[in-house]
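Okay, here's what each chain looks like letter by letter:
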Number of protein chains: 2
Amino acid sequence: MTPRPDVSAERKDQILNTAEDVFAERGFDEARMDDIAERSGLSKGAIYWYFKKKDDIIAALLDRVFRRNIESMRAEAARAGSVLDRLAAMGEQTSRDYESMSRLMPIALEFYAVALRQRKVRKHLATMYDEILAIIVPLIEEGIRNGELDDGVDPRQAATLLLGIYEGLGLVWAISPKTVDWKTLGPQAAQMLCDGLKRRGQGKKK
Amino acid sequence: MTPRPDVSAERKDQILNTAEDVFAERGFDEARMDDIAERSGLSKGAIYWYFKKKDDIIAALLDRVFRRNIESMRAEAARAGSVLDRLAAMGEQTSRDYESMSRLMPIALEFYAVALRQRKVRKHLATMYDEILAIIVPLIEEGIRNGELDDGVDPRQAATLLLGIYEGLGLVWAISPKTVDWKTLGPQAAQMLCDGLKRRGQGKKK
């Protein structure tokens with residue numbers, strides 16, 4: 001965080017928006033840094049000031065997608081209401097976040113592929129996973145304390161499952177778009193997991 | 001299927017086993033086709049007869065991993081016992097399949113990244129997803145018919161969720177190995193999903 005905002009955040013966003021357009025239209029391999037510069041209305045020098053190469057733009061786009069999702073999850077987690085409702089809302093929000101990216105879907109795998117080959121980006125992804133878990137774990141703990149969730153649930157494992165479901169549905173969706181219909185599957189995923197976590201009538205067997 | 005087995009399946013397996021060793025030791029980028037030829041004890045000509053390039057080996061390794069998992073899921077699905085038990089067993093089997101590949105884990109993402117950039121491999125992955133769904137869907141339908149599972153469950157969506165969970169946990173595991181402990185998380189994933197699918201006491205609200 002800089003003491004006062006300068007234009008660089010705005011400029012970066014402007015470049016990333018343009019990059020999304022160019023990638024979506026031309027595909028990842030065909031898109032050139034020069035295309036992005038031209039379309040953005042900024043000078044080439046300005047583009048290269050912020051991003052040295054196409055891979056850096058990919059990494060920044062991935063970061064932006066995760067940041068948005070983390071912010072929206074955090075907002076859902078902080079709402080009033082039962083833990084189960086908030087978990088379901090977080091799942092639904094995540095589905096909507098995915099859906100809003102459907103324009104990028106044909107190149108989503110390219111994004112991941114490029115990102116995953118860079119150790120630095122991979123580590124960064126791991127810390128974003130940690131951030132997501134840091135939102136979900138306390139929520140599940142709260143649910144166990146207030147009796148909504150089964151006390152046999154391990155908060156960290158359950159949170160990892162939730163994360164895994166959405167990452168996995170995203171992967172399956174990218175590979176086989178017809179298989180995943182976010183509108184119905186997103187909310188159902190959240191609901192089914194909540195049902196699995198829910199406190200059973202008279203305590204738990206075993 | 002050929003009328004009678006020739007040696008090519010065996011040769012291919014031999015090459016793939018060697019390739020796993022070489023990839024695991026040297027990393028994906030450093031491994032050379034020549035290293036694989038030398039180590040396998042086969043002639044270079046033999047290697048290139050079966051696989052034109054490193055990417056073809058990657059695609060074949062990915063195929064082999066999925067084939068094995070599909071076979072073991074099919075075996076679990078065909079067992080006697082309740083649908084819930086069989087679903088749980090399939091989840092546990094999948095976790096064991098993943099664990100047995102842990103040697104390949106550091107390069108698993110490279111595998112996926114290479115595979116996903118090839119449209120042909122991506123389509124092949126999509127058909128393997130279809131095969132997995134074709135095993136799980138009838139099992140869930142059976143569970144709904146015999147009253148084990150809630151009749152509000154959509155078999156295809158539930159099956160897609162199961163697939164998504166395991167693909168997703170694999171992805172999270174590859175990016176952040178410390179986050180996923182297969183020994184505990186694999187069985188718990190299956191259990192939690194089964195709890196979510198299970199028939200509720202006196203029918204379902206809504």
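Quick caveat: nothing in here was measured; it's all calculated off a predicted structure.

1. A short note on the confidence of the model for chain A
Line of reasoning, step 1. On average, residues of chain A score 83 in pLDDT, and 88% of them are at 70 or above.
Line of reasoning, step 2. The low-confidence segment residues 202-206 of chain A (pLDDT under 50) makes 2 contacts with residues lying over four places distant or belonging to another chain.

2. As for the environment of Asn17(A)
Line of reasoning, step 1. As for its position among the elements, Asn17(A) is in helix α1 (residues 8-26).
Line of reasoning, step 2. Put simply, Asn17(A) and Ser40(A) are 23 residues apart on the chain and 8.5 Å apart in space, counted from C-alpha to C-alpha.

3. Details of the side chain of Gln93(A)
Residues and elements named next belong to chain A.
Line of reasoning, step 1. Checked against the element boundaries, Gln93 lands in helix α5 (residues 83-100).
Line of reasoning, step 2. Among the residues examined, Gln93 registers a relative accessible area of 14% and is labelled buried.
Line of reasoning, step 3. For Gln93, the side chain forms a polar contact with the side chain of Arg96, separated by 2.9 Å.
Line of reasoning, step 4. Residues in contact with Gln93, not counting those within four places in the same chain, are Ser72 and Glu76.

4. Observations concerning the relation of the copies chain A and chain B
Note on the chain copies: they are related by a rotation about an axis and a translation along it.
Line of reasoning, step 1. Under the fitted operation, chain A is carried onto chain B by 0.0 Å of movement along the axis and a turn of 180 degrees, and the coordinates agree to an RMSD of 0.0 Å. The superposition operator between the copies reduces to a two-fold rotation axis. No C-alpha of chain A lies nearer the rotation axis than that of Gly168(A), which sits 1.6 Å from it.

5. Let's talk about the nonpolar core
Line of reasoning, step 1. In this structure, Leu87(A), Ile136(A), Leu87(B) and Ile136(B) are the most contacted members of the largest nonpolar core, which totals 95 residues.
Line of reasoning, step 2. Among residues more than four places away in sequence, those in contact with Leu87(B) are Ile136(B), Leu139(B), Ile140(B), Leu162(B), Ala190(B), Cys194(B) and Leu197(B).
Line of reasoning, step 3. Ile15(A), Ile57(A), Ala60(A) and Phe111(A) belong to the second largest nonpolar core, which has 20 residues in total.

6. With respect to the packing of helix α8 (residues 155-175) of chain B against helix α9 (residues 182-197) of chain B
Residue and element names in this part refer to chain B.
Line of reasoning, step 1. Remark: α8 packs on α9, axes separated minimally by 11 Å, with the N-to-C direction vectors making an angle of 160 degrees. Regarding the angle of α8 to α9, the classification is roughly antiparallel. α8 and α9 meet at a crossing whose hand is right-handed. The residues of α9 that touch α8, namely those facing Ala158, Leu162, Ile165, Tyr166, Leu169, Gly170 and Trp173, are Trp182, Leu185, Gly186, Ala189, Ala190, Leu193 and Leu197.
Line of reasoning, step 2. In terms of residue class, the contact of α8 with α9 is built from 12 nonpolar, 2 polar and no charged.

7. Describing the packing of aromatic side chains
All names here are of chain A.
Line of reasoning, step 1. Tallying each qualifying case throughout the model produces 4 aromatic pairs over all chains.
Line of reasoning, step 2. Pairing Phe66 with Tyr129 gives two aromatic rings, centres 6.2 Å apart and planes at 70 degrees, and the pair type is edge-to-face. Residue Phe66 is found in helix α4 (residues 54-78), and its partner Tyr129 is found in helix α7 (residues 119-145); the two are separated by 63 residues along the sequence. Judged on exposure class, the residue Phe66 and its partner Tyr129 are both buried.

8. Things to note about the domain arrangement of chain A
All names here are of chain A.
Line of reasoning, step 1. Once the domains are mapped, chain A shows domain 1 (8-52) and domain 2 (54-205).
Line of reasoning, step 2. Averaged C-alpha coordinates put domain 1 and domain 2 at centres separated by 29 Å.
Line of reasoning, step 3. Across the contact, 17 residues belong to domain 1 and 14 residues belong to domain 2.
Line of reasoning, step 4. Taking both partners together, domain 1 and domain 2 bury about 1,500 Å²; carbon and sulfur atoms supply 66% of that area.
Line of reasoning, step 5. Where domain 1 touches domain 2, the interface holds 2 salt bridges.
Line of reasoning, step 6. With a shortest N-O distance of 3.2 Å, Glu20 and Arg64 are connected by a salt bridge.
Line of reasoning, step 7. Linking domain 1 with domain 2 are 5 residue pairs in polar contact (both at pLDDT 80 or more), by the criterion used here.
Line of reasoning, step 8. Mapped onto the side of domain 1 that touches domain 2, the elements with two or more residues apiece are α1 and α2 (33-40).
Line of reasoning, step 9. Residue composition of the side of domain 1 that touches domain 2, by class: 9 nonpolar, 2 polar and 6 charged.

What counts as what
Residues numbered from 1 in each chain as written. Chains lettered and ligands numbered in written order. Predicted model: local features only at pLDDT ≥ 70, side-chain atom pairs only at ≥ 80, totals over all residues. Heavy atoms only, no water. pLDDT = per-residue confidence, 0-100. Contact = heavy atoms within 4.5 Å. Helix = DSSP H or I, 4+ residues; strand = E, 2+ residues; numbered from the N terminus. Buried < 20%, exposed > 50% of the residue type's maximum accessible area, 1.4 Å probe, protein only. Polar contact = N/O pair within 3.5 Å; in protein donor to acceptor, adjacent residues only side chain to side chain. Least-squares fit on C-alpha atoms with pLDDT ≥ 70 in both. Core = buried A, V, L, I, M, F, W, Y, C linked by side-chain atoms within 4.5 Å. Axes fitted to C-alpha atoms, helices over the stretch in contact; angles between N-to-C directions. Parallel < 35°, antiparallel > 145°, perpendicular 65-115°, else oblique. Left-handed = near helix turned anticlockwise from the far one by under 90°. Nonpolar A, V, L, I, M, F, W, Y, C, P; charged D, E, K, R; others polar. Phe/Tyr/Trp six-rings, centres within 6.5 Å; stacked < 30°, edge-to-face > 60°. Domains from an automatic or database assignment. Buried area = accessible area lost by both parts, 1.4 Å probe. Salt bridge = Lys/Arg side-chain N within 4 Å of Asp/Glu carboxyl O.

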